[in-house]
Amino acid sequence: MRWGLGVGGVLGLLCAVSTAPVVLYGFTRGAAVVDHYFGLPIWLQWGNLPPSGFGMIIVGGLCALLLVSRRWLLAVFGAAVAAWFVYADVTFSPGGHWIKQMEMSFTTTPYRIHALVSLALLLVISLLALLTATRGEWSQ
């Protein structure tokens, strides 16, 4: 379990680093963010906003590992993050509620906020997984 949390945490951090320029570009409109993104190695340019396929696999694995850990606080946080990503996948997928609202009103603010919250949760759960993996008494 410790190895799974460690590897998942590192992959989650890499996914967060590669997704951050795309998410922040929606708020800043700066060329420096795009230059940073294209400066990353090609295997780190996953590019699409959360929930992306690879990010969902990482989050699902980390949430599952945290749910089976023997700490109730980790299990509650893992369940909450999993619930957010399921909600985001349903409402921000093609044909979802927020996508329909964006098509009617031409405002992208809910999508940008969703991407920022998803990025923050991915970063936090990855760091929590790494912390849990390094502290052996938390995950047995």
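Heads up: the structure comes first, above all this text.
Everything quoted here is computed from the prediction, not taken from an experiment. The numbering scheme is per chain: residues are counted from 1 as the chain's sequence reads. Selection of residues for local features in this predicted model requires a pLDDT of at least 70, selection of side-chain atom pairs for listing and counting requires 80 or more, and totals for whole chains, interfaces and linings are taken over all residues. Excluding hydrogens and water, the side-chain figures rest on all heavy atoms present in the structure.

Q: Quick rundown of the overall build of the protein chain? Include the residues and the values.
A: Runs of E in the DSSP output that reach at least two residues are strands. Runs of H or I that reach at least four are helices, and both are numbered from the N terminus. When helices and strands are tallied, the protein chain shows 6 helices and 0 strands. When the helices and strands of the protein chain are read in sequence order from the N terminus, they spell out α-α-α-α-α-α. By the convention used here, residues are in contact when the closest approach between their heavy atoms is within 4.5 Å. Of all intrachain contacts in the protein chain linking residues separated by at least 6 positions in sequence, the fraction that spans at least 24 positions is 72%.

Q: Which residues make up the environment of C15, and what values go with them?
A: Tracing the backbone through its elements, the reader meets C15 in helix α1 (residues 2-28). Along the chain, C15 and F54 lie 39 residues apart, while their C-alpha atoms are 8.1 Å from each other.

Q: Before we move on, could you go through helix α6 (residues 109-134) and cite the residues and values that matter?
A: To estimate the expected span of a helix, count its residues, drop one, and scale the result by 1.5 Å. When the terminal C-alpha atoms of α6 are compared, their 38 Å separation across 26 residues agrees well with the 38 Å that a helix rising 1.5 Å per residue should span. In this scheme, a residue with accessible area under 20% of its type's maximum is buried, one over 50% is exposed, and one in between is partly exposed, where area comes from a 1.4 Å probe on protein chains only. Taken as a whole, α6 has its buried residues at H114, A115, S118, L119, L121, L122, I125, S126, L128, A129, T132 and A133.

Q: Could you give an account of the packing of helix α3 (residues 53-67) against helix α4 (residues 72-91), with specific residues and numbers?
A: Between α3 and α4, whose axes approach to 8 Å, the crossing angle comes to 150°. Taken as axis vectors, α3 and α4 run roughly antiparallel relative to one another. Considering only the axes of α3 and α4, their crossing is left-handed. Counted together, M56, V59, C63, L66 and L67 of α3 and L74, A75, G78, A79, V81, A82, F85 and D89 of α4 form the full contact between these two elements. Residues belonging to the contact of α3 with α4 are distributed by class as follows: 11 nonpolar, 1 polar and 1 charged. The convention used is that axes are lines fitted to C-alpha atoms, helices contributing only their stretch in contact, and that angles between N-to-C directions extend from 0 to 180 degrees. These descriptions rest on fixed angle ranges, namely under 35 degrees for roughly parallel, over 145 for roughly antiparallel, 65 to 115 for roughly perpendicular, and the rest for oblique. Should the near helix be turned anticlockwise from the far one by less than a right angle, the crossing is left-handed, and should it be turned clockwise, the crossing is right-handed. Under the scheme applied, nonpolar residues are Ala, Val, Leu, Ile, Met, Phe, Trp, Tyr, Cys and Pro; charged residues are Asp, Glu, Lys and Arg; polar residues are all the others, including Gly.

Q: Provide a residue-level description of the nonpolar core, including the pertinent values.
A: The nonpolar side chains of soluble globular proteins are, as a tendency, buried together. Each nonpolar core is a collection of buried residues, namely Ala, Val, Leu, Ile, Met, Phe, Trp, Tyr and Cys, held together in the definition by side-chain atoms within 4.5 Å. By size, the foremost hydrophobic cluster in this structure holds 21 residues, and its most contacted members are L5, V59, L62, L66, V81, L122 and I125. When residues of this core are traced back to their parent elements, those giving at least two are α1, α3, α4 and α6. The dominant element in this core, judged by the number of residues it contributes, is α6, at 8 residues.

Q: With reference to specific residues and values, describe the packing of α3 against α6.
A: Interhelical geometry of α3 versus α6 gives an angle of 45° and a closest axis separation of 10 Å. On the basis of the axis angle, α3 is oblique to α6. Helix-helix and strand crossings are classified by hand; for α3 and α6 the assignment is left-handed. Within the contact between the two elements, α3 uses I58, V59, L62, C63 and L66 and α6 uses L122, I125, S126, L128, A129 and T132.

Q: Provide a residue-level description of the side chain of S69, including the pertinent values.
A: Assignment of secondary structure puts S69 in the loop between α3 and α4. Polar contact is defined as a pair of N or O atoms within 3.5 Å, subject to the rule that within protein one atom must be able to donate a hydrogen and the other to accept it, and that residues adjacent in sequence are counted only when both atoms are side-chain atoms. Of note is the side chain of S69, whose polar atom sits 2.7 Å from the backbone oxygen of L66.

Q: Can you lay out the environment of G78 for me, pointing to particular residues and giving the numbers?
A: Relative to the helices and strands, G78 is located in helix α4. The exposure class of G78 is buried, given its relative accessible area of 0%. Through-space distance from the C-alpha of G78 to that of V68 is 9.5 Å; in sequence the pair is 10 residues apart. Setting aside chain neighbours within four positions, we find G78 in contact with C63 and L66.

It is worth stressing that arrangement in space is one thing and function is another; only the former is reported here.
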